[in-house]
Structure formats: C-alpha cells, structure tokens
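Tertiary structure, described
One letter stands for each residue in the lines below.
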Amino acid sequence: MGAGREVQISLDGVRDKNLMQLKKLNTALFPVRYNDKYYADALASADFTKLAYYSDICVGAIACRLEKKEGGSVRVYIMTLGVLAPYRGLGIGTKLLNHVLDLSSKQNISEVYLHVQTNNEDAINFYKKFGFEITETIQNYYTNITPPDCYVLTKNITQSQNKK
C-alpha cells in the first residue's frame, strides 16, 4: 500500500452486548431480514461467528451455524458473510473466511457449505478462490428476491496436522 500507516483489521466474537452490530450490518448488506433463530444460531456457534473491524469501525461479519450430520460429525453452514461496500477489496472477507476455515480444520470439521444467489458472480468467484465448488442448484430457494434460485457451494476441509 505504500506510505500510509498500517490499518489494523481485527476480528471480535459476537455476544449479546454487540449483537446489534451484526443486525445493523445485515440490514445494510443483505436483501433479506433474518429472524431470531438466525441470531441464536450465530451466538451458539461461538468462535465461528465474528465481526470484522477496520480501524475500530465494524465493517463486516461472518455468521455460521454448526450442524450435526448423520453419524455425529459436525459441518459448518455459513449463513452470511459480508463486508460494507467501501471496505471491500481490503482482505476483510478473506480474513473472516480464513478464520472459519482454519477453525474448522483445527476442530476436525470436514465440511463447510453455504448458499449463494445464482446471479451473485462476485460471491461465487470469491468462494471458488478458496476451493469451494458448486455442488447443487436449488430452484426457488429465496422467496422475496430475484432470481429466487441458489447454488450450494461446498468445501471439504483437510484436517489440521498440528496437534498443539
């Protein structure tokens, strides 16, 4: 970046006292409104849901839900990942996603997946850079936005070898 001072990007956990930050971000970022279950799942996922701060300003978030699969294994569902438009391209979304992928690996979680609207090429390309693949198309997944169809993007995680 050159001569400017280094700007700090930091992540913070979501708790009851800062949940409003996540709600405000979601209102600004997404065309759908999220219900109480979304926020309960985000809080329950603990370290898998993070707020991103750029110079102490809350500019992005990732919110996940942990799901039990048959056989007892757990997978991570990325409910939302977003960064406010003026702060995109600075590595904030990358930092949020890498946090979840690294945490999944450390906790021996082998699968992370999400839904993306079929016309959201920026998001599809972003996730593909991290090794996500389109594994399914669901017709009429969304009820109040056009197009209503989504892709399911899935990444299988290689387990972390470092036993600390």
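In what follows, the accompanying structure is described. Keep in mind the model is a prediction, meaning the values are calculated, not measured. (Residues numbered from 1 in each chain as written. Predicted model: local features only at pLDDT ≥ 70, side-chain atom pairs only at ≥ 80, totals over all residues. Heavy atoms only, no water.)

Note on placement: Asn-18 falls in the loop between β1 (9-13) and α1 (19-29). Classification of Asn-18 as buried rests on a relative accessible area of 8%. A distance of 3.0 Å separates a polar side-chain atom of Asn-18 from the backbone oxygen of Gly-13. In this structure, Asn-18 is in contact with Asp-12, Gly-13 and Leu-51, ignoring residues within four places of it in sequence. (Helix = DSSP H or I, 4+ residues; strand = E, 2+ residues; numbered from the N terminus. Buried < 20%, exposed > 50% of the residue type's maximum accessible area, 1.4 Å probe, protein only. Polar contact = N/O pair within 3.5 Å; in protein donor to acceptor, adjacent residues only side chain to side chain. Contact = heavy atoms within 4.5 Å.)

Here we take up the layout of surface pockets. What the largest pocket holds in volume is close to 1,200 Å³. Among the elements of the structure, α2 (36-44), β4 (74-83), α3 (92-106), β5 (111-117) and α4 (121-129) are those that each provide at least two residues to the lining of the largest pocket. The element that contributes the greatest number of residues to the lining of the largest pocket is β4, accounting for 7 residues. Its residues placed into classes, the lining of the largest pocket shows 22 nonpolar, 12 polar and 6 charged. (1 Å grid on protein atoms, 1.4 Å probe; cavity = no way out; pocket = protein on both sides within 12 Å on 5 of 7 lines; lining within 4 Å. Points joined across faces, edges and corners; volume = space filled by probe spheres on them. Nonpolar A, V, L, I, M, F, W, Y, C, P; charged D, E, K, R; others polar.)

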